Amino acid sequence: MTKYKITLDREGCVGDAICTALCSENWYMNSDGKASFRKEIIEESELNCNSEAEKSCPTGVIRISRI
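Just so it is clear, the model here is predicted, and its values are computed rather than measured.

Scoring rules and cut-offs
- Residues numbered from 1 in each chain as written.
- Predicted model: local features only at pLDDT ≥ 70, side-chain atom pairs only at ≥ 80, totals over all residues.
- Heavy atoms only, no water.
- Helix = DSSP H or I, 4+ residues; strand = E, 2+ residues; numbered from the N terminus.
- Contact = heavy atoms within 4.5 Å.
- Salt bridge = Lys/Arg side-chain N within 4 Å of Asp/Glu carboxyl O.
- Buried < 20%, exposed > 50% of the residue type's maximum accessible area, 1.4 Å probe, protein only.
- Pairing = 2+ DSSP bridges.
- Axes fitted to C-alpha atoms, helices over the stretch in contact; angles between N-to-C directions.

Structural notes on the environment of Phe-37
Argument step 1. Mapped onto the elements, Phe-37 comes out in strand β3 (residues 35–37).
Argument step 2. Sequence separation between Phe-37 and Trp-27 is 10 residues; the distance between their C-alpha atoms is 4.5 Å.
Argument step 3. Setting aside residues no more than four positions away along its own chain, Phe-37 makes contact with Ile-6, Leu-8, Asn-26, Trp-27 and Tyr-28.

In structure tokens form, the structure reads like this:
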């Protein structure tokens, strides 16, 4: 099964929370107002909503790569 790695540039996060709205299974907002993910390595079955979060991020700080 294909796996994917999520990377996040937290310094560039502006805290708009679109990632949490689109993929709350993996994304949440920290007390500092910036996003974080629960799982860095995801399965193919988890790719859809995480990809939506990546595409919708206004600052482009979310990256998903196949490993």
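There's more to say after this.
Examining the pattern of salt bridges
Argument step 1. Applying the stated criterion to the full structure yields 5 salt bridges.
Argument step 2. The partner of Glu-40 in a salt bridge is Lys-5, with the nearest N and O atoms 3.7 Å apart. Taken together, the residues span a long stretch of sequence, with Glu-40 in the loop between β3 and β4 (41–43) and Lys-5 in strand β1 (residues 3–8) at a distance of 35 residues.
Argument step 3. Owing to a relative accessible area of 36%, Glu-40 belongs among the partly exposed residues under this scheme.
Argument step 4. One salt bridge in this structure joins Lys-55 and Glu-52, with 3.9 Å as the shortest N-O distance. Placement of both Lys-55 and Glu-52 in helix α2 (residues 47–56) is noted, with a separation of 3 residues, approximately one turn of the helix.
Argument step 5. The exposure class assigned to Glu-52 is partly exposed, which follows from its relative accessible area of 37%.

Side note on the sheet that holds β1
Argument step 1. In spatial order, the strands read β4-β1-β5; together these 3 strands make up an open sheet with antiparallel pairing. The open sheet has two edge strands, β4 and β5 (62–66), and neither has a second partner. In this sheet, neighbouring strand axes are inclined to one another by 30° on average, regardless of whether the strands run parallel or antiparallel.
Argument step 2. In the sheet, β1 pairs with β4 via 3 bridges, with the strands oriented antiparallel. By the bridge assignment, Lys-5 is partnered in β4 with Ile-41.
Argument step 3. Set on the sheet, α2 makes contact with β1, β4 and β5; between it and β5 the angle comes to about 140°.

These figures capture arrangement, not role.
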